[in-house]
Amino acid sequence: MSEPGKRSYRSDLRAAQARRTRGQIVAAAAELFVGNGYAATTIDAIAAAAGVSRKTVFTSVGGKAELLKLAYDQATAGDDEPVPLRERPVVKALEAEPDAARMLAGFAAMVTGIQGRIATLHVTLAGAAESDPEARTLFEHLEGQRLAAMHRPATLLSRRDALRAGLTTSMAADILWLHNDPALYHRLVHKRQWTPAQFQDWLAHALQTQLLQ
């Protein structure tokens, strides 16, 4: 019989290989989605770009909608670790920041980093959502998820009496959601040629001005 340690080692190797394969597939899919468009990208093309079989694409990740969602999620987080963004140290640090202006400056920095990774995928998904039902469902889910996430910082600011007079928590969440839009980053940075640093500075100032007393 095999020793338990050897079985565990082989299992770890298989898991690591599966993770690498999944990463190759997701990276290939993301590049093709952005470069060729969602509709024009086939599973066969993704498999060829990743150096795997068509079957491996489906067994490792799934179809095109699953591939795009995973690519989006990983780009948002910056890695493939199974840790929600709200549980990440950068978010925990922002929530612990007692100064509202500094909190929003940190939020702007985090958003700029995330948008730099997901803006082109977001634009691709938004375009696909106009004609593909699966893409539309995914797009609407992510938009709702983004809005729901903005209620957390808005609530923190409200509890600290940092919001300007007349601004409700719901309105503050809407303002955060509006500015935390990958399409906005895409327009200003990719289309209008702002630098990420310029976008970050503008975003921090805009949020501080519109939200705080």
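One structure accompanies this document, and this report is about it. No experiment lies behind these values; they were computed from the predicted model shown.

**Describing the packing of helix H5 (residues 89-96) against helix H6 (residues 100-129)**
So, step 1. Viewed as axis vectors pointing N to C, H5 and H6 meet at an angle of 160°, and their least axial separation amounts to 9 Å. Here H6 runs roughly antiparallel to H5, going by the angle between their axes. Considering the relative orientation of H5 and H6, their crossing is left-handed. Each of Val90, Val91 and Leu94 in H5 lies in contact with H6, whose residues at this interface are Met103, Gly106, Phe107 and Met110.
So, step 2. Considering only residue class, the contact of H5 with H6 consists of six nonpolar, one polar and no charged.

**Side note on the nonpolar core**
So, step 1. In terms of nonpolar packing, the biggest core is built from 60 residues, with Ile46, Leu67, Phe107, Leu157, Leu176, Leu207 and Leu211 touching the most fellow members.
So, step 2. Once residues within four sequence positions are removed from consideration, Leu211 is found in contact with Leu104, Leu157, Ala162, Leu163, Arg164, Leu167, Ala172, Ile175 and Leu176.

**Section: the pattern of salt bridges**
So, step 1. Across all of its chains, the model carries 10 salt bridges by this definition.
So, step 2. Between Glu97 and Arg102 there is a salt bridge, with its nearest N and O atoms 3.3 Å apart.
So, step 3. As a salt-bridge pair, Glu143 and Arg146 come within 2.9 Å of each other at their nearest N and O atoms. A residue pair is termed a helical-turn pair when its members lie 3 or 4 positions apart in one helix, as Glu143 and Arg146 do in helix H7 (residues 133-159) at three residues.
So, step 4. Take Glu143: its relative accessible area is 17%, and that puts it in the buried class.
So, step 5. Taken together, the salt bridges that share partners define one network made up of Arg19, Asp80 and Glu81.

**Considering the environment of Leu13**
So, step 1. Residue placement: Leu13 occurs in helix H1 (residues 4-36).
So, step 2. By relative accessible area, Leu13 is classed as partly exposed at 43%.
So, step 3. The sequence separation of Leu13 and Arg146 amounts to 133 residues, and the corresponding C-alpha distance is 36 Å.

**A few points about unusual backbone geometry**
So, step 1. The phi angle at Asp161 is positive, at roughly 55°, despite the residue not being glycine.
So, step 2. Summarising the element assignment, Asp161 is placed in the loop between H7 and helix H8 (169-179).
So, step 3. For Asp161, a relative accessible area of 59% gives the class exposed.

**Comments concerning the packing of H6 against helix H10 (residues 196-211)**
So, step 1. As a packed pair, H6 and H10 sit with axes 8 Å apart at the nearest point and diverge in direction by 140°. Two packed elements cross with a definite hand, and for H6 against H10 that hand is right-handed. Residues Ala101, Leu104, Ala105, Phe107, Ala108, Ala109, Val111 and Thr112 of H6 form the contact with H10, whose own contacting residues are Pro196, Phe199, Gln200, Leu203, Ala204, Leu207, Gln208 and Leu211.

**Quick look at H6**
Residue pairs spaced three or four apart in an α-helix point in one direction, given the helix's 3.6 residues per turn.
So, step 1. Spanning 30 residues, H6 covers only 36 Å between terminal C-alpha atoms, well under the ideal 44 Å at 1.5 Å per step.
So, step 2. Largest kink in H6: about 50°, centred on Ile118.
So, step 3. Two or three places before Ala101, at the opening of H6, Asp99 has a side-chain oxygen 3.2 Å from that residue's backbone nitrogen.

The rules behind each value
- Residues numbered from 1 in each chain as written.
- Predicted model: local features only at pLDDT ≥ 70, side-chain atom pairs only at ≥ 80, totals over all residues.
- Heavy atoms only, no water.
- Axes fitted to C-alpha atoms, helices over the stretch in contact; angles between N-to-C directions.
- Helix = DSSP H or I, 4+ residues; strand = E, 2+ residues; numbered from the N terminus.
- Parallel < 35°, antiparallel > 145°, perpendicular 65-115°, else oblique.
- Left-handed = near helix turned anticlockwise from the far one by under 90°.
- Contact = heavy atoms within 4.5 Å.
- Nonpolar A, V, L, I, M, F, W, Y, C, P; charged D, E, K, R; others polar.
- Core = buried A, V, L, I, M, F, W, Y, C linked by side-chain atoms within 4.5 Å.
- Buried < 20%, exposed > 50% of the residue type's maximum accessible area, 1.4 Å probe, protein only.
- Salt bridge = Lys/Arg side-chain N within 4 Å of Asp/Glu carboxyl O.
- Expected span 1.5 Å × (residues − 1).
- Bend = angle between axes of the 7 residues up to and from the residue.
- Polar contact = N/O pair within 3.5 Å; in protein donor to acceptor, adjacent residues only side chain to side chain.

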